[in-house]
Amino acid sequence: METAVVRADSYENYLLVEGDEDKHVFSQLLQHYQVFEKFKLKHENFEIKSHNGIENLLSLRTLRNYLVVDESRRYGIIIDADEDIAARWKQIKSICEAIGYHNVPSDPSPDGTFLSEEGLAVVSIWLMPNNRTSGMMEDFIGWLVPRDDLLWPMAGDIVQKVIERDQRFRKSYISKACIHTWLAWQKDPGTSLGMSINKHYVDASASHAQQFITWIRKLFELEAV
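Residues numbered from 1 in each chain as written. Predicted model: local features only at pLDDT ≥ 70, side-chain atom pairs only at ≥ 80, totals over all residues. Heavy atoms only, no water.

## Focus on the sheet that holds strand β6 (residues 122-128)
Then comes step 1: Taken in spatial order, the 5 strands of this open sheet run β3-β1-β4-β6-β5, and their pairing is mixed. Looking along the sheet, the strands with just one partner apiece sit at the ends: β3 (46-50) and β5 (113-115). Here the strands of the sheet are splayed against their neighbours by 20° on average, with no regard to which way each runs.
Then comes step 2: Judged from the 5 bridges that link them, strand β1 (residues 13-17) and β3 form a sheet pairing that is parallel. Paired with Asn 13 across the two strands is Phe 46, which belongs to β3.
Then comes step 3: Set on the sheet, helix α1 (residues 20-32) makes contact with β1, β3, β4 (74-80) and β6; between it and β3 the angle comes to about 150°.
Then comes step 4: Most of the contacts of helix α4 (residues 60-67) go to β4, to which it runs at about 155°, and overall it touches β1, β3, β4 and β6. (Pairing = 2+ DSSP bridges. Helix = DSSP H or I, 4+ residues; strand = E, 2+ residues; numbered from the N terminus. Axes fitted to C-alpha atoms, helices over the stretch in contact; angles between N-to-C directions. Contact = heavy atoms within 4.5 Å.)

So, in structure tokens, the structure goes:
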């Protein structure tokens, strides 16, 4: 008789993310929305898996190992669009087609791109920040800063002055510099991105977060309890 203990290989639902910081952010966001208290999974098991960098996640070998399974498993892949969303999508499209997914669209869907194929897992890709523009998770968190926050535009001004004086980070990291500058001025300076949700420094009820949660609910077939 098999034990009732849930084994690591028994998970049916996964979010695949670039690193531990991403894992923390999405864990806090799901907790904020009480996703697993208010909704139930079609398949009970769920895990967020980090990969120590986009290179480790976005590879044919890694994704093939995940996705070449039966259709009962569902995967959400969250990666930064970075500097060129078109180039990033071309890379993803090539990998998905090599795995065996047909009809991969030429452009990502604004609501998250869903792929299904007989003999393969159901998978959906979310390009941070919003499937439409180049950028990263820090842009997404920046959009959750309350619009009436007086320090947010000041953070942008400070970062711009630093760029003019001695820019030591690449252009694509401006949003990263802005959000961490702003977080340095909060009640607990240096708060992480994930804890900025937990501590309500950012507004996790903003429309961008709601759109993301809608994607999560659709992907994992979440039903109201």
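## So, helix α8 (residues 174-183)
Then comes step 1: Of all 10 residues making up α8, 7 are buried, and the element is well covered by its neighbours.
Then comes step 2: All of the buried residues in α8 are Ser 175, Ala 177, Cys 178, Ile 179, Thr 181, Trp 182 and Leu 183. (Buried < 20%, exposed > 50% of the residue type's maximum accessible area, 1.4 Å probe, protein only.)

## Some points on the packing of aromatic side chains
Then comes step 1: In total, this model carries 10 aromatic pairs according to the counting rule given.
Then comes step 2: Ring plane angle 50° and centroid distance 5.6 Å describe the contact between Tyr 66 and Tyr 75, whose orientation is recorded as tilted.
Then comes step 3: For Tyr 66, a relative accessible area of 14% translates into the label buried.
Then comes step 4: If you follow Lys 218 out to its NZ or CZ, it ends over the ring of Phe 114, 4.6 Å from the centre. (Phe/Tyr/Trp six-rings, centres within 6.5 Å; stacked < 30°, edge-to-face > 60°. Lys NZ or Arg CZ within 6 Å of the ring centre and 35° of its normal.)

## Side note on the packing of α4 against helix α5 (residues 85-99)
Then comes step 1: Contact geometry of α4 with α5 gives a least axis separation of 10 Å together with a crossing angle of 50°. The orientation of α4 relative to α5 falls into the category oblique. In terms of crossing hand, the pair formed by α4 and α5 is right-handed. Facing α4, whose interface residues are Leu 60, Leu 63, Arg 64 and Leu 67, α5 presents Ile 95, Ala 98 and Ile 99.
Then comes step 2: Residue classes in the contact of α4 with α5 are distributed as 6 nonpolar, no polar and 1 charged. (Parallel < 35°, antiparallel > 145°, perpendicular 65-115°, else oblique. Left-handed = near helix turned anticlockwise from the far one by under 90°. Nonpolar A, V, L, I, M, F, W, Y, C, P; charged D, E, K, R; others polar.)

## Details of the side chain of Arg 74
Then comes step 1: Here Arg 74 lies in strand β4.
Then comes step 2: On the basis of relative accessible area, Arg 74 is assigned to the buried category, the value being 13%.
Then comes step 3: Once residues within four sequence positions are removed from consideration, Arg 74 is found in contact with Glu 12, Asn 13, Tyr 14, Val 122, Lys 218, Leu 219, Phe 220 and Glu 221.

## What about the side chain of Asp 149?
Then comes step 1: Position of Asp 149 relative to the elements: it lies in the loop between α6 (137-142) and α7 (151-166).
Then comes step 2: This buried residue, Asp 149, is left without a salt bridge; Arg 147 holds the nearest opposite charge, at 8.6 Å.
Then comes step 3: Among the polar contacts made by the side chain of Asp 149, one reaches the main-chain amide nitrogen of Leu 151 at a distance of 2.9 Å.
Then comes step 4: A distance of 3.0 Å separates a polar side-chain atom of Asp 149 from the backbone nitrogen of Trp 152. (Lys, Arg positive; Asp, Glu negative; His and termini not counted. Salt bridge = Lys/Arg side-chain N within 4 Å of Asp/Glu carboxyl O. Polar contact = N/O pair within 3.5 Å; in protein donor to acceptor, adjacent residues only side chain to side chain.)

## Considerations on the pattern of salt bridges
Then comes step 1: What the rule picks out here adds up to 8 salt bridges.
Then comes step 2: Ionic pairing is found between Arg 170 and Glu 83, a salt bridge with its closest N-O pair at 3.8 Å. Taken together, the residues Arg 170 in the loop between α7 and α8 and Glu 83 in the loop between β4 and α5 connect sequence positions 87 residues apart.
Then comes step 3: Judged by its relative accessible area of 46%, Arg 170 is partly exposed.
Then comes step 4: On the basis of relative accessible area, Glu 83 is assigned to the exposed category, the value being 55%.
Then comes step 5: We note a salt bridge from Lys 199 to Asp 188, for which the minimum N-O separation is 3.0 Å. One end of the pair, Lys 199, is in the loop between α9 (193-198) and α10 (207-219); the other, Asp 188, is in the loop between α8 and α9, and 11 residues separate them in sequence.

## Regarding the confidence of the model for the chain
Then comes step 1: Averaged over all residues, the pLDDT of the chain equals 90, while 91% of them reach at least 70.
Then comes step 2: Residue range residues 1-9 is modelled with pLDDT below 50. Its contacts to residues more than four positions away, or to other chains, number 4 contacts. (pLDDT = per-residue confidence, 0-100.)

## Some remarks on a nonpolar patch on the surface
Then comes step 1: The grouping of Met 154, Ile 158, Val 162 and Trp 185 at the surface amounts to a nonpolar patch, some 340 Å² of accessible area in total.
Then comes step 2: Summarising the element assignment, Val 162 is placed in helix α7.
Then comes step 3: On the accessibility criterion, Val 162 (39% relative accessible area) is partly exposed. (Patch = residues over 30% accessible without salt bridge, like charges linked within 9 Å, V, L, I, M, F, W, Y side chains within 5 Å. Areas by Shrake-Rupley, 256 points an atom, 1.4 Å probe, with all protein chains shown as cover.)

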